[in-house]
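# Report on the structure
For reference, the chains in residue letters:
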Amino acid sequence: MSDKIYRLGCDIGGTFTDFVLLNDETGKIHINKCLTTPKDPSDAVEEGIKELEKGVRGFVGKLNEVIHGTTLVINSIIERKGAKTGLITTKGFRDVLELGREIRYAPYDIFSEYPEPLIPRFLRFEVDERIRSDGKVIKPLDPKNVRDVVRQMIDMGIESIAVCLINSFENPVHERMIKEIILEEAPEMSISISYEVLPQIREYERTSTTATNAYVKPLTGRYLSRLSNRLKSIGFDGRLFIMLASGGITSVDTAVEFPVRVIESGPTAAVISGQYYGKQFNIPEMFVFDMGGTTAKSCLIQGGVAGVVPTFEVGRVQRFMKGSGLTIQVPVVDLMEIGAGGGSIAKVGKMGTLQVGPESSGADPGPICYGKGGTMPAVTDADLLLGYLDENYFLGGEMKLDQEAAKKGVEELIAGPLGVSLQRAVWGIHDLINETMAGAAKTHIAEKGGNPKLVTVIAFGGAGPVHAYGLAKKLGAPRLLIPPIPGVGSALGFFTAPRAFDVLRSHKQSLEDVEFSDIELIFQEMEAEAGGIIMKAGEKETIIFERSLDMRFIGQGSETNVPISVDNFTKITREEVRELFDGIYKNLYGRTYPESPVELINYKVRARLPEHPLQLPKIETKVSSLKETIKGIRNAYSPVVGDFIPYTVYDRYLLFPGAQFNGPAIIEERESTAVVGEDASISVDDFGFLWIDLK
Amino acid sequence: MAMKFDPITLEILWRRLISIVDEADSSVARTAFSSLLRDAHDYTCMFTDRKGRELAQGSFATPGQSGAMALGIKKIVSSLSKDSCKNGDIFITNDPWALAGHLNDVCVMSPIYYKDNLVAFTACVFHHSDIGGRVSSDNHDVFEDGLFIPLVKLYNRGVLNEAVMEMIRWNVRTPDDVTGDIRSQIAANHVCSEKICQMLEETGLENIDDLADDIIGLTEKSMRGEVAKIPDGLYRGEGIIEQREGKGDVIIKAAVEIKKDNVIVDLDGSSPQVDWGGNVVFNFTYAYVFMAIKSMFDPQMPNNEGCAKPITMKAPEGSVVNCRFPAAVAARMQIGHFLTEIIYRALAEVMPENVIAGSGGTPATMNVFYGKRNDTSPWHSVIIRGGGMGASYKEDGHYVSIFPANGANTPVEIFESDTPLIVEERALLPDSGGPGKFKGGLGRRVFFRVPDDDYAPSGPVNLGIQSGRFRYPAKGLFGGGDGSRAQFLVNNIAGDPYGLTQIKSGDIVIMDAAGGGGYGDPLERDVGMVMRDFLNGYVTLRGAREDYSVVIDPKTMEVDKAKTESLRRSLRKA
């Protein structure tokens, strides 16, 4: 093992594939970025690694692990490029997938769009069987009936089958029989059964999750095996891990079996980095803010831990409208995403006021200043005209920005029609997008019971550090933190991600009546299952199990997760479980009702391996005084003064530990620019983080 | 109009106001107990300026409540005398005539003071699942409906009026939940008040009067601009709503006058109020009239007094759409929900691309089940259901939702674990959508069985229904056909859908929700779409032929183009 000193994080995004190479011995980090190759994403992976090898010779053979994040799964759902998938369900219920929960997500809009189910009705088949809500078989399954249905599906050219029967979460016997019959009839068929994908009560959510898993399973399998082979062929013999939406990483085998858990790993990396920094620096409440070209994602991290929620919506057909996507139930990091980014378009709205976003010009054609044919003024155009960005140092000077064109665009399309000065218009665009983000952030923080006046804002993404100061001011946050390489640095999160896998069972029982020895048996079974899966991710390490219960007041519509720290249910009393529930409920919702009876709904186990420590690399001192880090003075807009004032421009690569200075300041690096107003002070720590205190 | 703020500052402050209500709104999710509030979001937060003019409401507000509140709070504020309102006061009321039309909707309202001056009011209405009383749609007066709280001070200058709280506690079945949720309302108002004062402090404004003028002014201007595009004229719509067997139909008449940039809705000629709980108060009628107009003219526009300004509504006192105290009002949705489609029908001819045909989810259906299990333990379950939505000029009606109200279904697996019943089927009904160029949304069957084995309940199962569309289907528009009717069958025999039904072990019950109305001539429906509907089982072979004149060969499973063409041609001639 001693020569395996490198770890590589590799994240495939919509436009770019990012690479972060870490030398565990020296703590040194190398980064690379190349264009994503949508046809075969592993092309970009191989190319990017070869480019990195030019700088770090022979590292591939010394790689201990590659941690891979991909948007392949979510994109294939959004673009409907998955397998021809069929569903087998209980007689009377083939429309579950289509009926959903029947709620209208936009109450006043009679033309709301709804997503098409991934499996059309003619590919949804029923078998005659029935299991009662307590798991007893009412009507046994007829194997001949199943065989006929399966043969019919094979004849129709179905490549992947989802199986989800009513009440199967209580008793999977019929689902397992169906799986065996499918394997007999078609040994190569891709199969997803609901008991294995999500053994949880509520038939729509379970069916939708199982159907989604089935839909993406064949292509995920093909892609990951291709990727493994390519990595082998260039000399990699370490372990390959796949990032999950929950923030954990897992083995290739598990990702192939449960691709729905992968869904979307990119945005979670920033949050995982945030968690790590939160713990490292002991920050009780941290607000992760990751602003890119199209959207801003954020997440509140309390005590170094981000919330994980059990539900995710894929492919919202009405942009960012909650309820307009396909529901899947897998553990995902609790992110809030809104349509606010550098490419967000500014225009004069119907009411005659300024509007910015959620429409975006994206990366292509992009804002006017990119000079790639964009004609609509965007946030980046305003940032440039405010003096925050340097037209000659965007992406380190790789891309010259067209200030004149941006100015003309804003004058003609915004300032003119609104009857305001150019200066008012560009500041308005910047300020309004900050207001939109602050509004969403306040609501998100309120939902989690946090306090915006106590959070430390940490900024990621190309546009994050440009807007973080304004956002922090609007939140009333006292402190802002900008990590090294914020533009791609979120990929650093890959190295701090726990190797973890979550399993779950539903079994509704009142706390009053449940036998704790029965619960213990369920948990032991689940731990054996989760342990088996996690073993694939690490050979000899000790597995850590975390148990929790989803509980609720009897009759309540939603559950509260209660972590249980003891390793055996015979060591805990009914009263103690009740106290734990009441404690958490009160914390979340302000009060509890000790006299109302509660019930257990779900049993959850997270199996994980000990974290690999990550040593943050210390920065070197390259200059002897602060003066030498100054690139120059630039006039930029100050909202306090209401006019352009001189900002000192610093070269981030030259800043040294202990450096301290006051705003107004602009700190430039290749992938991003931090803007700090005159009422704040900045200090640089040993690791190159910028700590900004706001007054 | 002369603006007091520049268009950028105005937008930023406007957004701030909306996000303040949203923040108050999301605090409810944390503090409310009832799942009706937490999960079904059956509550609305809003605030007004000091004159009671609505300025902003939560983004997820419920149409019935939000429309009624805009009107109700304004009236309440104007009725308060100058000295009757002090810093620290909190008002409470569930007067159906003052606010949202039934006792379960409880309103808590607080004045907001900044630097000792009254600057605004904040209010929220929560739907409380329990308000005491006799829980039934056939009550004879509002006294049977439950506890009536007139407008009183719950807090006087910051001091709780214990007597009011105690009075509430002793008149409801679940006092902890009800008072707990009232406290959550107080908390929501508190969030709103605090944030508004904070905004005033940050911006240096003394009050929000100018801001209110600009926001309301701009919104009104925009709404009026939309209305002015419609040719002047008087447009009429009518709705016939069935009542239980033996009672005559309820008629609602709407004359909608477009006069320059004004909409004047007159409901003169509508039936007198009824002797059961279907009566609708003026505010609730207005809420669903407003829902129709808002959705037609500009669904995206943020709600405030400005949207409502061009709209005037008249309804004869003592009619079913403007009932007099002390009429029973608990089942107001059974009639109130129809207002939206009646307005659509009236304006369809001038705004054909802004309306949808009648919906099977009008009115929302509510089923209350209760009984005893085999071990005699009691059980109780309430479910709400919709039907197929009406079609529009550009798309088929959505399959199965509640409209114009809203709500989620109860999963079968939850229902079966809460009750001893077995659901045999929950499926779309083929051919139930009204045929049309665009077809109405399909209705949905729920088929359940009372077990007669070891799980058989002890004694009968009681089933109470609030529903509609058993006799009168959802109507199509512009040549589109009607949706299918609702059905209620006990052991395959039609039951009484308007009362309390007792069912016993071994019985099977079918509840079919109505389909939505179609839009446009079915002969104009694309043959490929009919084929796709057929392949997916939304339309049967017979339906394709009879409703759409599309002939499909059952052997080849392909469209017989020649026969289809000639059949369609002959029908067009006729």
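Residues numbered from 1 in each chain as written. Chains lettered and ligands numbered in written order. Predicted model: local features only at pLDDT ≥ 70, side-chain atom pairs only at ≥ 80, totals over all residues.

### With respect to the packing of helix 3 (residues 63-79) of chain B against helix 8 (residues 282-297) of chain B
Residues and elements named next belong to chain B. In the contact formed by helix 3 and helix 8, the axes pass within 7 Å of each other and the chain directions differ by 115 degrees. Viewed along their axes, helix 3 and helix 8 form a crossing whose handedness is right-handed. Each of Pro63, Gly64, Gly67, Ala68, Leu71 and Gly72 in helix 3 lies in contact with helix 8, whose residues at this interface are Asn283, Phe284, Tyr286, Ala287, Tyr288, Phe290 and Met291. (Axes fitted to C-alpha atoms, helices over the stretch in contact; angles between N-to-C directions. Helix = DSSP H or I, 4+ residues; strand = E, 2+ residues; numbered from the N terminus. Left-handed = near helix turned anticlockwise from the far one by under 90°. Contact = placed C-beta atoms within 7 Å.)

### Quick word on the interface of chain B and chain A
Listed by partner, the interface residues are 57 residues for chain B and 54 residues for chain A. Looking at the side of chain B that touches chain A, the elements that each hand over two or more residues are helix 1 (7-31), helix 2 (35-38), helix 6 (175-203), helix 7 (209-228), helix 8, helix 12 (412-418) and strand 14 (422-428) of chain B. Here the side of chain B that touches chain A gets 15 residues from one element, more than from any other, and that element is helix 1 of chain B. Residues of the side of chain B that touches chain A, tallied by class, amount to 20 nonpolar, 20 polar and 17 charged. (Nonpolar A, V, L, I, M, F, W, Y, C, P; charged D, E, K, R; others polar.)

### A word on the pairing of strand 1 (residues 6-12) of chain A
Residue and element names in this part refer to chain A. Of all seven residues making up strand 1, seven are buried, and the element is well covered by its neighbours. Along strand 1, one buried face is formed by Tyr6, Leu8, Cys10 and Ile12 and the opposite face, lined by Arg7, Gly9 and Asp11, is buried too. Pairing between strand 1 and strand 2 (residues 16-23): seven bridges, direction antiparallel. The residue bridging isoleucine 12 from the neighbouring strand is threonine 17, located in strand 2. With seven bridges connecting them, strand 1 and strand 4 (residues 63-70) associate as parallel partners. Counted as the bridge partner of tyrosine 6 is leucine 63 from strand 4. (Buried ≥ 20, exposed ≤ 12 C-beta atoms within 10 Å, placed from the backbone. Pairing = 2+ DSSP bridges.)

### Quick notes on the sheet that holds strand 3 (residues 29-35) of chain A
Residue and element names in this part refer to chain A. Across the sheet, six strands lie side by side as 3-2-1-4-11-12; this open sheet has mixed pairing. Two strands bound the open sheet, and with one partner strand each, they are strand 3 and strand 12 (249-251). Averaged over all neighbouring strand pairs, the angle between strand axes comes to 25 degrees, with direction disregarded. Relative to strand 3, strand 2 runs antiparallel, the two being bridged by seven bridges. The residue of strand 3 that forms the bridge with leucine 21 is histidine 30.

### A closer look at the domain arrangement of chain B
Residue and element names in this part refer to chain B. In terms of domain boundaries, chain B breaks down into domain 1 (7-220), domain 2 (356-525) and domain 3 (527-573). In this structure, domain 2 and domain 3 have C-alpha centres spaced 28 Å apart. Contacts between the two partners involve nine residues from domain 2, matched on the other side by 13 residues from domain 3. Tallied by class, residues from the side of domain 2 that touches domain 3 come to six nonpolar, one polar and two charged. (Domains from an automatic or database assignment.)

### Some points on helix 13 (residues 464-475) of chain A
All names here are of chain A. Across the 12 residues that make up helix 13, a large majority, 11, are buried. Every buried residue of helix 13 is listed here: Gly464, Pro465, Val466, His467, Ala468, Tyr469, Leu471, Ala472, Lys473, Lys474 and Leu475. The positive-phi residue at the C-terminal boundary of helix 13 is glycine 476, with phi of around 80 degrees.

### Concerning unusual backbone geometry
With omega at 0 degrees, the peptide bond leading from Gly357(A) into Pro358(A) counts as cis. You can see Pro358(A) is positioned in strand 22 (residues 354-360). Although it is not a glycine, Asp431(B) sits at a positive phi angle of roughly 65 degrees. Positionally, Asp431(B) belongs in the loop between strand 14 and strand 15 (444-449). Under the C-beta neighbour-count criterion, Asp431(B) is labelled buried, with 21 such atoms within 10 Å. At Asn492(B), a residue that is not glycine, the phi angle is positive and equals roughly 65 degrees. Within the element layout of this structure, Asn492(B) appears in the loop between strand 17 (487-490) and strand 18 (493-494).

### A closer look at the domain arrangement of chain A
Put simply, an interface is often sized by how much accessible area is lost when its parts join up. As assigned here, chain A comprises domain 1 (6-77 + 222-261), domain 2 (79-205), domain 3 (269-310 + 432-495), domain 4 (344-429), domain 5 (499-608) and domain 6 (626-694). Each of domain 3 of chain A and domain 5 of chain A has a C-alpha centre, and these two points are 30 Å apart.

### Examining helix 11 (residues 338-347) of chain B
The element helix 11 of chain B is largely enclosed, with a buried count of 10 among its 10 residues. Where helix 11 of chain B is buried, its residues contact strand 8 (233-241), strand 9 (250-259), helix 8 and helix 10 (333-336) of chain B.

### So, the pairing of strand 5 (residues 85-90) of chain A
Residue and element names in this part refer to chain A. The buried fraction of strand 5 amounts to six of the six residues, a majority that puts the element mostly inside the structure. Bridge analysis of strand 5 against strand 9 (residues 160-164) gives five bridges, and the strand direction is parallel. For glycine 86, the partnering residue across the bridge sits in strand 9 and is isoleucine 161. Relative to strand 6 (residues 124-127), strand 5 runs parallel, the two sharing four bridges. Bridge pairing in strand 6 places threonine 90 opposite valine 127.

### Considerations on the environment of Asp512(B)
All names here are of chain B. With respect to the helices, strands and loops of the structure, aspartate 512 is situated in strand 20 (residues 508-512). Sequence-wise, aspartate 512 and glutamate 257 are 255 residues apart; in three dimensions their C-alpha atoms are separated by 37 Å. Those residues in contact with aspartate 512, other than ones at most four positions away along the chain, are Leu429, Gly443, Arg445, Ala486 and Gln487.

### Details of the packing of helix 1 (residues 41-55) of chain A against helix 7 (residues 203-233) of chain A
Residues and elements named next belong to chain A. Relative orientation of the contacting elements helix 1 and helix 7 amounts to 20 degrees, with a least axis distance of 10 Å. Between helix 1 and helix 7, the interaxial angle falls into the category roughly parallel. As for how helix 1 packs across helix 7, the hand of that crossing is right-handed. Packed against helix 1, whose contacting residues are Ser42, Val45 and Glu46, the element helix 7 presents Arg226, Leu227 and Arg230 at the interface. Residue composition of the contact of helix 1 with helix 7, grouped by class: two nonpolar, one polar and three charged. (Parallel < 35°, antiparallel > 145°, perpendicular 65-115°, else oblique.)

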